[in-house]
Amino acid sequence: MKQTKTTIQNGADLESFGVLRAAEQERGQKRKSGGGDGDAGGKPAGGAKLASKGQKLKEDMDSLLDEIDEVLEENAEEFVKNYVQRGGE
Amino acid sequence: MAIPKMMGTEVEFGITVRNDREFDPIAICVMLVNAYREEPGARILWDYDQENPLADARGFQADGEKYTPNQQENIARNKTLTNGARYYVDHAHPEYSCPEVTNPRDLVVHERAGERIVELSRRATRALLPEGMELLLHKNNSDRKGNSYGCHENYLMDRRTSFKQIVEQLMPFFVSRQIYSGAGKVGSENRANPCDYQLAQRSDFFETEVALDTMVKRPIINTRDEPHADREKYRRLHVIVGDSNMSEYTIWLRQGVTALVLAMIEDGAASRDLSLRDPVRAIREVSHDTALGLELELISGRKLSALQVQREYLEMALRYAADRLLPDWTPAILEHWGQVLDALARDPYELADRLDWVIKKVMIERFMERKGLNWQSPQVAMLDLQYHDLRPDKGLYFLLEQQGQVRRVVRDEEITRAIMEPPTDTRAYFRGQCLQRYGDEVFGVNWDSISFGAGGDAVKRILMAEPLKGSKAHVQELLERSKNASELVRNMSS
């Protein structure tokens, strides 16, 4: 199995996003492997791991739902109804 | 040999004012772009002399009146920034056109810097609006009521490649690329068939295959022929088919793959006949088919799914790349393009950290499950909308990003830097540097020109017909020995 680490030009290794890590630590999030940056950058993972990945990402998201609930516009119905744009371009 | 695929995007933002249903969008847009204070861009004209939005790539000039605002209106609506971007009012939307860049990664940096600039100016409007009112901005493409606004991509192309060839070889690509480039949308509009969720924001709006219009009867391939460069040598392909993406990975992949396919077309390496029988119908149907199983009819009689069409392009690309020296970003794009197509074939949810339409869909489904909602619930429409909200503490995409749920491509420091600094390897460097160094003396700017005229002096216009000239390597020394614009002009003509 290929295990090359992909570097996306200009030396920005996908695995070394200090900013991302810092943000996570700040929030005291305990991250399991396989999420946002852990195995990013194109390492094709094993079949079993891939199969469970989508499901796991969904689970990871659970902790987020509370936060989404908190910031979601309270008066959704009215907001969405009144959201009218003029065509552009 | 294909020419370098210089690129840039123009993003229009949705704009609304909380607690003011009667707001005038144009006045609010003017307030917004003028709230962004970056001296000296406040007094500089956008140079409309070189513009010709009615020129058609098929070789004629459309009827219509060219828009040229008076001086006061011009300054109020146009801001040229020290990073080489244009930030302005386009009809009833704020728009950010990023500076020209040479690769998909820099495009991500500069498009995202644009999001921050627009958000910074939004915050500055707080002091200008009455108590209780709040301006809100969304990086999306529709109000779900039949009104759409765009995210246009631009790619530098070789004038020698026939437009007919571009149309034929690009159409199946544009119809199918939304399986990874779509930003996701709840429901349908513009008389499209009803659906719960679809891949792309824009696909309901395309009504014809090829045309000059961008606002009515939108075409999949737009023929606007304004190269903003030497028109004997270059074409600027103006792509209006795409969505505004939030995900860095999606933007990166969209730009890289599209640029690569365009290079292949220039080199005659995209010649497989994939012509679709009915592209306009297909683009809607593909968008509505979240299971990705729908087969499209080709003129040749073959039937291929959007995924299979993309695989055909990928195969051509791999062959193309095998025996050529290509830009250094190409191998990563090829690798990830393949991975994404493989994952889409297995289970799109594997891409719930990378592709906007999947990220959004998973988020909504989890929320619906938790709350016992359905696709018609107003909260679900709100989740869709708020995914694109530019406020870092309310925008749902940003929330996912802060939680490490989505894959990054660039660093925050790079984005922050790009708010003020131009890319170094295109003419945007010269433009941005001139604004930084000689801003007081700049009279007007366009993509391919900058003119100086301080005091009562005659205006001197410098043309930049070669988009890759004016880079740091090319002009840094010149800039450093020119203390002011007059010296610059003198040094350039001596």
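Residues numbered from 1 in each chain as written. Chains lettered and ligands numbered in written order. Predicted model: local features only at pLDDT ≥ 70, side-chain atom pairs only at ≥ 80, totals over all residues. Heavy atoms only, no water.

Topic: empty space enclosed by the protein
Rolling a probe over the atoms, with the probe sized like a water molecule, indicates the empty space that remains. Here the structure, examined in full by the defined rule, presents three cavities of 30 Å³ or more. Of the pockets and cavities examined, the largest cavity occupies roughly 100 Å³. A:Val80, A:Tyr83, B:Asn140, B:Ser142, B:Asp143, B:Arg144, B:Lys145, B:Lys185, B:Gln201, B:Ala381, B:Asp384 and B:Leu385 are the residues that line the largest cavity. Element by element, the count of residues in the lining of the largest cavity is highest for helix α11 (residues 378–386) of chain B, at three residues. Each residue belonging to the lining of the largest cavity can be placed in one class, and the counts come to four nonpolar, three polar and five charged. (1 Å grid on protein atoms, 1.4 Å probe; cavity = no way out; pocket = protein on both sides within 12 Å on 5 of 7 lines; lining within 4 Å. Points joined across faces, edges and corners; volume = space filled by probe spheres on them. Helix = DSSP H or I, 4+ residues; strand = E, 2+ residues; numbered from the N terminus. Nonpolar A, V, L, I, M, F, W, Y, C, P; charged D, E, K, R; others polar.)

Points about the pattern of salt bridges
Residues and elements named next belong to chain B. Counting across every chain of the model gives 54 salt bridges over all chains. Two residues, lysine 233 and glutamate 466, come together in a salt bridge whose shortest N-O distance is 2.6 Å. Separated by 233 residues along the polypeptide, lysine 233 in the loop between β14 (218–222) and β15 (234–239) and glutamate 466 in the loop between β20 (460–463) and α15 (472–480) bring together distant segments of the chain. The class of glutamate 466 is partly exposed, set by a relative accessible area of 22%. Residue arginine 354 pairs with aspartate 353 through a salt bridge whose shortest N-O separation is 2.9 Å. Considered together, arginine 354 and aspartate 353 belong to a single accessibility category, that of buried residues. (Salt bridge = Lys/Arg side-chain N within 4 Å of Asp/Glu carboxyl O. Buried < 20%, exposed > 50% of the residue type's maximum accessible area, 1.4 Å probe, protein only.)

Remarks on the domain arrangement of chain B
Bring the parts together and some accessible area is lost; that lost area is often taken as the interface size. All names here are of chain B. Domain boundaries in chain B define domain 1 (7–38 + 81–416) and domain 2 (417–493). For domain 1 and domain 2, the distance between their C-alpha centres works out to 31 Å. Each partner contributes residues to the interface: domain 1 has 30 residues there, and domain 2 has 22 residues. Buried area between domain 1 and domain 2, summed over both chains or domains, comes out near 2000 Å², and the portion from carbon and sulfur atoms is 57%. Its largest share of buried area at the contact with domain 2, domain 1 owes to Thr82, Glu100 and His228, together 33% of the area lost on that side. On the surface where domain 1 and domain 2 come into contact, there are three salt bridges. The partner of arginine 431 in a salt bridge is glutamate 100, with the nearest N and O atoms 2.7 Å apart. (Domains from an automatic or database assignment. Contact = heavy atoms within 4.5 Å. Buried area = accessible area lost by both parts, 1.4 Å probe.)

A word on the packing of aromatic side chains
Residues and elements named next belong to chain B. Applying the stated rule across the entire model yields 11 aromatic pairs over all chains. Arranged with centres 5.5 Å apart and planes meeting at 70°, the rings of tryptophan 46 and tryptophan 447 form a pair that is edge-to-face. Here tryptophan 46, found in strand β3 (residues 45–46), pairs with tryptophan 447, found in the loop between β18 (442–446) and β19 (449–452); they are 401 residues apart in sequence, far enough to count as distant. Per residue, the accessibility class of tryptophan 46 equals that of tryptophan 447, and both read buried. (Phe/Tyr/Trp six-rings, centres within 6.5 Å; stacked < 30°, edge-to-face > 60°.)

Quick word on the layout of surface pockets
Estimated volume of the largest pocket: approximately 1000 Å³. Lining the largest pocket are 44 residues, and of these B:Glu51, B:Pro53, B:Tyr88, B:Arg224 and B:Glu226 lie nearest its centre. Contributing elements (two or more residues each) for the lining of the largest pocket: β1 (7–12), β7 (86–90), β8 (93–97), β10 (151–158) and β15 of chain B. Counting residues per element, the lining of the largest pocket draws most heavily on β1(B), at five residues. Taken together, the residues that form the lining of the largest pocket break down as 17 nonpolar, 11 polar and 16 charged. Quantified by volume, the second largest pocket comes out at close to 440 Å³. Lining of the second largest pocket is provided by 20 residues; of these, A:Asn82, A:Tyr83, B:Thr16, B:Val17 and B:Arg21 occupy positions nearest its centre.

A short note on the packing of helix α8 (residues 306–322) of chain B against helix α9 (residues 330–346) of chain B
Residues and elements named next belong to chain B. Running from N to C, α8 and α9 point in directions that differ by 155°, and their axes come no closer than 11 Å. Taken together, the axes of α8 and α9 are roughly antiparallel relative to one another. Handedness of the α8/α9 crossing: left-handed. Contact residues: Leu307, Gln310, Arg311, Tyr313, Leu314, Ala317, Leu318 and Ala321 in α8; Leu334, Trp337, Gly338, Leu341, Asp342, Leu344 and Ala345 in α9. Residue composition of the contact of α8 with α9, by class: 11 nonpolar, two polar and two charged. (Axes fitted to C-alpha atoms, helices over the stretch in contact; angles between N-to-C directions. Parallel < 35°, antiparallel > 145°, perpendicular 65-115°, else oblique. Left-handed = near helix turned anticlockwise from the far one by under 90°.)

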